[in-house]
Amino acid sequence: MSRTTLDLWVGVFVVIGFGALLFLALRVGNFAAANFSETYSVRAQFDNIGGLKVRAPVKSAGVVVGRVADIRFDTQSYRAEVTFAMDARYEFPRDTIASILTSGLLGEQYIGLDPGADLDMLGNGDAIQITQSAVVLEKLIGQFMFDRAAEPAN
Amino acid sequence: MNGATTLLRRIGARVVEGVWRVGFAARFFMLVLLYSGQSLTRIHLTIREIYFSGVLSLLIIVVSGLFVGMVLGLQGYETLQRYGAAESLGVLVALSLARELGPVVAGLLFASRAGSAVTAEIGLMKTTEQLKAMDMMAVSPIARVVAPRFWGGVISMPLLVAIFSAMGVFGGWLIGVVFIGVDEGAFWSQMQAAVDFRYDIANGMIKSVVFAVAVSLIAVFEGYDCTPTAEGVSRAITRTVVSSALAILALDFVLTSFMFRG
């Protein structure tokens, strides 16, 4: 059996195909950036998570430092318990504040971390104590209307 | 009364015929899988089929991918700039190509470009009794003719889908960044932030593999099962294109509802 030009063309085709797949993985997708090599998990409880989804980014000062790994409802406290997979390169003090923020006016929701001043750092499995819930637009509007109605008419 | 009975009888015959064909197709599929060991050890047979269904489909896939991407770029920009979100053009182009348009459009093109050719070839071999002759020589036509064509299709189509999607993203970039002037950095970085490898691209590739199996099976089966006349072969080719298109669209709905529930 000898090599033919047909084999060459099939080889070129396969190389182009895998090249396209590589382009999709590295240039279009975030294959390299999305998966942190080493992570540690941190928990936090929120009164209301709004529209937060699993895999939403966890940002501090605008930099992505982790991702939401799991969201579940805690029947003991009747609050939402969110678990983050944090990039092992970044450590945060124990009194860090976790708040649910929205990117833009109607954008997707993410977790914002404001580091505190504690000397101890959060470890694997630790819980963030101070949290701020998502802003629910209906409640905000309702409050605004209520305040306006309470104002004395002049 | 007599007319109604005849009608009922015809419908019944059609249904029985359809169920019969489905059963035969399932047995045929098992047989193809059983004999594919031989076709993979004699790899040059499969490579020849990859050449005919993959390499020769390259041109149509590249050109259509480019144009689909360019149209997405134009239409997406038109809508997005109204909301001041023109930088999200990359996200729109990449997500729609990776999740849906790539596998589906490339699958439809592949079915009509390569699937019909495979059906015609096998059908003509049956009509000219080449398949029977092979059987007489104790060469299994399924191992020698059908299985290499099936695997050729299954191997080439996912690669073609990847090429299609990549060309589409390139087309979107060409229109969005080069012609319209969307900021290049935002175009790529927003795309990379929104497109997830496992969720979007890997699911799209899984779709393409499923479509590849469906289209290749339909193509070889219609050829093998055709009525061995000139008219029968032409009918089989028509059926290949029609049923492949229906199978791709129906499977796409099922897979999407499993994969992208949100």
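See the structure shown above.
The structure reproduced in this document is the subject of the present report. If you're wondering where the values come from, they're calculated on a predicted model, not measured in any experiment. (Residues numbered from 1 in each chain as written. Chains lettered and ligands numbered in written order. Predicted model: local features only at pLDDT ≥ 70, side-chain atom pairs only at ≥ 80, totals over all residues. Heavy atoms only, no water.)

Details of the overall build of chain B
Within chain B one finds nine helices and zero strands. Counting helices and strands in the order they occur from the N terminus, chain B gives α-α-α-α-α-α-α-α-α. With the principal axes as the frame, chain B shows a C-alpha extent of 65 × 60 × 30 Å. Considering only contacts in chain B between residues 6 or more positions apart, those separated by 24 or more positions represent 84%. By element, 69% of the accessible surface of chain B is carried by carbon and sulfur atoms, the whole surface being about 12800 Å². (Helix = DSSP H or I, 4+ residues; strand = E, 2+ residues; numbered from the N terminus. Contact = heavy atoms within 4.5 Å. Areas by Shrake-Rupley, 256 points an atom, 1.4 Å probe, with all protein chains shown as cover.)

Describing the packing of aromatic side chains
Counted under the stated rule, the structure contains eleven aromatic pairs over all chains. When the ring of A:Phe23 is compared with that of B:Trp188, the centres are 6.4 Å apart and the planes differ by 85 degrees; the resulting orientation is edge-to-face. Here the residue A:Phe23 occupies a position in helix α1 (residues 5–28), and B:Trp188 occupies one in helix α7 (residues 184–194), the pair thus bridging two chains. We classify A:Phe23 as partly exposed; its relative accessible area is 25%. Residues B:Phe150 and B:Trp151 carry aromatic rings whose centres are separated by 5.3 Å and whose planes lie at 80 degrees to one another, so their mutual orientation is edge-to-face. An aromatic cluster is defined as three or more aromatic residues linked by ring pairs; in this entry it consists of B:Phe24, B:Phe28, B:Phe221 and B:Tyr224. The residue whose ring lies beneath A:Lys59 is A:Tyr110, and the NZ or CZ to ring-centre distance is 4.6 Å. (Phe/Tyr/Trp six-rings, centres within 6.5 Å; stacked < 30°, edge-to-face > 60°. Buried < 20%, exposed > 50% of the residue type's maximum accessible area, 1.4 Å probe, protein only. Lys NZ or Arg CZ within 6 Å of the ring centre and 35° of its normal.)

Focus on the interface of chain A and chain B
Taken residue by residue, the interface counts 24 residues in chain A and 27 residues in chain B. Both sides together, the interface formed by chain A and chain B hides about 2300 Å², and carbon and sulfur atoms give 79% of it. Taken together, chain A and chain B are joined by zero salt bridges. Between the two partners, chain A and chain B, sit one residue pair in polar contact (both at pLDDT 80 or more). Counting residues per element, the ones that place at least two in the side of chain A that touches chain B are α1 and α2 (31–34) of chain A. In terms of residue count, α1(A) provides more of the side of chain A that touches chain B than any other element does, 17 residues in total. (Buried area = accessible area lost by both parts, 1.4 Å probe. Salt bridge = Lys/Arg side-chain N within 4 Å of Asp/Glu carboxyl O. Polar contact = N/O pair within 3.5 Å; in protein donor to acceptor, adjacent residues only side chain to side chain.)

Here we look at the environment of A:Val136
Following the sequence through the fold, A:Val136 ends up in the loop between β8 (130–132) and α3 (137–150). Between the C-alpha atoms of A:Val136 and A:Thr39, which are 97 residues apart in sequence, the distance is 31 Å.

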